[in-house]
Amino acid sequence: MLNKKNKPPKNAPPKKNLLLPLTLVLAVLAAGAVFIHPAASAKAGAALSYIGKIAAAVSQNSPKNGEILGIEYESDAVMKFIRNNLVSKFNALEVREADYSITYVPKDSAFACSAAVPRGRPMEWVVWELASAANGTAYHMDDCACPSETRCDISFKSSGARHPKVYLKVTRSNRYIANTAKMAILIENFGFEANSTTTEFLAFPEPLTVSLVPAQKLATWTAQIADEYNKEIVLALPMEPLPAQFNSYRSSMIKINHEREEIRELLARADAAIPNFSGVSNFYGNGTRGIMEDTRAMDLVLGEIKRHKRPLYFVYTDDAKKSVAPQRMAAAKVPGMRVERTINAGLSKEQMREKLSDAATAAQKTGSILLKAQPSQEFITALKEESETLKRNGVRLVYVSDLAK
């Protein structure tokens, strides 16, 4: 007979599968072993406990996605490994509960898990992260095979022979992870030309920020159409000294000896020409007699940016060897940042793609990066061809305002 401790509880759910007869047979045999040989009592009791738990797992309906089987394996490492480590990795990889499942497979005496991981990290990085779930447990990664770029099959094995194997199938979901690196691209001195290059920049579906000089040709019309195409606009202020090729911009140039009222007037004229800008940047102004190295001039410019009718940020280049911009921005409490990299015109499309890839690697290390480029056909082609690779490697294009602090 079964003793009381081996009887199923009165409120136990009814068995609903074919494992019940096998369980009863094993239970009777184990009980017989106790009756025949009392020394076998402890081992038989442990066997009944283990078999009963597996039977309880299989007798229930398959667990919903994202749920752990309601079994307590006090003497078994499998639940600790799955519940404490593997599911924790799923959460870290932003796998939603509806996108993973854990099921016990009786015929294989193993657990089959599946997880649809969001895009935005290389698959080899995802596999490495999931493999590390075995750290500090009795389990280790036994095998891994990736039949395609969007699927990998991982098996985990325990050092305890009694512990079931865990098989994990990793696929890609249609979502992208939120915790991605950010890259903002500032298209410098963007101007409208009736050609395919302008059209491709405006039609590019990802966030781009364009800088416009108030005195440039068709500046107002360009600002309107850029805004219609959801491009963020930065007001590029020509600053002394200005290269000779931009003499046409001198009417809107800020000079180092300008007083506050003169700077205020220039900003008011710029605001009238381009009323929908979100930030301000310097357009040149470097050198020993440049605005960017003069504390008084920078304080006046930043003061007017601070008192503008709407919040603005300031973006500056690092061309000035002794730029005072960071210190004066902090003092004026004007948000903004430095352009960290430049993709110069004149490079080939492949060279520009390489520059974008290098910038993406830097963004992955620090979390974000701001770069500027010229509005050339080579650059927009390189950007279009590289955009999917950026996404796959966890780099998301954003506006400059998303980075300005």
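Above this text sits the structure in question.
Residues numbered from 1 in each chain as written. Predicted model: local features only at pLDDT ≥ 70, side-chain atom pairs only at ≥ 80, totals over all residues. Heavy atoms only, no water.

Participant: Go over the sheet that holds strand E1 (residues 100-105), please, and point to the residues and values.
Facilitator: Across the sheet, which stays open at both edges, the five strands sit in the order E1-E2-E5-E4-E3 with mixed pairing between neighbours. Two strands close off the open sheet at either side, each with one partner strand: E1 and strand E3 (139-148). Here the strands of the sheet are splayed against their neighbours by 20 degrees on average, with no regard to which way each runs. Pairing of strand E2 (residues 110-119) with strand E5 (residues 165-176) involves nine bridges; the strand directions are parallel. For Val 117, the partnering residue across the bridge sits in E5 and is Arg 172. Across the sheet, helix H3 (residues 78-92) lies against E1, E2, E3, strand E4 (151-158) and E5, angled at about 15 degrees from E5, the strand it touches most. (Pairing = 2+ DSSP bridges. Helix = DSSP H or I, 4+ residues; strand = E, 2+ residues; numbered from the N terminus. Axes fitted to C-alpha atoms, helices over the stretch in contact; angles between N-to-C directions. Contact = heavy atoms within 4.5 Å.)

Participant: Now, about empty space enclosed by the protein: what can you tell me, with residues and values included?
Facilitator: Within this structure, the stated rule accounts for two cavities of 30 Å³ or more. In this structure, the largest cavity spans a volume of roughly 50 Å³. Lining the largest cavity are Leu 186, Glu 188, Ser 211, Ser 281, Asn 282, Val 315, Thr 317, Val 339 and Lys 372. Considering only residue class, the lining of the largest cavity consists of three nonpolar, four polar and two charged. Quantified by volume, the second largest cavity comes out at close to 40 Å³. In terms of lining, the second largest cavity is formed by Leu 267, Phe 277, Glu 304, Ile 305, His 308 and Leu 312. Its residues placed into classes, the lining of the second largest cavity shows four nonpolar, one polar and one charged. (1 Å grid on protein atoms, 1.4 Å probe; cavity = no way out; pocket = protein on both sides within 12 Å on 5 of 7 lines; lining within 4 Å. Points joined across faces, edges and corners; volume = space filled by probe spheres on them. Nonpolar A, V, L, I, M, F, W, Y, C, P; charged D, E, K, R; others polar.)

Participant: Describe the nonpolar core, with residues and values.
Facilitator: Membership of the largest hydrophobic core comes to 61 residues, with the highest contact counts inside it found for Met 183, Ile 185, Ile 274, Phe 314, Phe 379 and Leu 383. Not counting residues up to four positions away in its chain, the partners in contact with Ile 274 are Leu 212, Val 213, Pro 214, Ala 219, Ala 223, Ile 233 and Leu 235. Within the second largest apolar cluster, 30 residues are counted, among which are Ile 82, Phe 111, Ala 115 and Tyr 139. (Core = buried A, V, L, I, M, F, W, Y, C linked by side-chain atoms within 4.5 Å. Buried < 20%, exposed > 50% of the residue type's maximum accessible area, 1.4 Å probe, protein only.)

Participant: Report on the pattern of salt bridges, specifying residues and quantitative values.
Facilitator: Opposite charge on two side chains permits them to pair, given that their charged atoms come into close proximity. Counted according to the given criterion, the structure contains 19 salt bridges. Close ionic contact of Glu 304 with Arg 264 constitutes a salt bridge, the shortest N to O distance being 2.9 Å. Remark: Arg 264 occurs in helix H7 (residues 260-273) and Glu 304 occurs in helix H8 (residues 295-306); sequence separation between them is 40 residues. When its relative accessible area of 5% is taken as the criterion, Glu 304 is described as buried. Residue Arg 264 is classed as partly exposed on the basis of its relative accessible area of 26%. (Salt bridge = Lys/Arg side-chain N within 4 Å of Asp/Glu carboxyl O.)

Participant: Requested: an account of the pairing of E3, with residues and values cited.
Facilitator: Of the strand pairs in this sheet, E3 and E4 are connected by seven bridges, and their pairing is antiparallel. Its bridge partner lying in E4, Asp 143 is registered against Ser 155. Linking E3 back to E4 in an antiparallel pair, the connection comprises two residues.

Participant: Now, about the packing of H8 against helix H9 (residues 325-332): what can you tell me, with residues and values included?
Facilitator: At their nearest, the axes of H8 and H9 sit 10 Å apart, and the two run at 45 degrees to each other. When the interaxial angle is binned, H8 and H9 end up oblique. Crossing of H8 against H9: the hand is right-handed. The segment H8 lies against H9, with Thr 295, Met 298, Asp 299, Leu 302 and Lys 306 engaging Ala 325, Arg 328, Met 329 and Ala 332. Considered class by class, the residues forming the contact of H8 with H9 number five nonpolar, one polar and three charged. (Parallel < 35°, antiparallel > 145°, perpendicular 65-115°, else oblique. Left-handed = near helix turned anticlockwise from the far one by under 90°.)

Participant: Can you break down the state of the cysteines residue by residue, with the values?
Facilitator: Within this structure, the stated rule accounts for one disulfide. Bridging Cys 146 to Cys 152, the disulfide has an S-S length of 1.8 Å. Disulfide Cys 146 to Cys 152: torsion about the S-S bond roughly 105 degrees, handedness right-handed. Its relative accessible area of 1% is what places Cys 152 among the buried residues. (Disulfide = S-S within 2.5 Å.)

Participant: Describe the packing of aromatic side chains, and please don't skip the residues or the numbers.
Facilitator: Going through the model one piece at a time under the given rule, you end up with 12 aromatic pairs. Judged by centre distance (5.0 Å) and plane angle (80 degrees), the ring pair of Phe 246 and Phe 283 falls under edge-to-face. Linking Phe 246 in the loop between strand E8 (232-239) and H7 with Phe 283 in strand E9 (residues 279-284), this pair joins segments that are 37 residues apart in sequence. Assessed through its relative accessible area of 15%, Phe 246 is described here as buried. Aromatic rings pair up to connect Phe 246, Tyr 249, Phe 283 and Tyr 284 into one cluster. Over the ring of Phe 277 we find Arg 310, and its NZ or CZ is 4.8 Å from the ring centre. (Phe/Tyr/Trp six-rings, centres within 6.5 Å; stacked < 30°, edge-to-face > 60°. Lys NZ or Arg CZ within 6 Å of the ring centre and 35° of its normal.)

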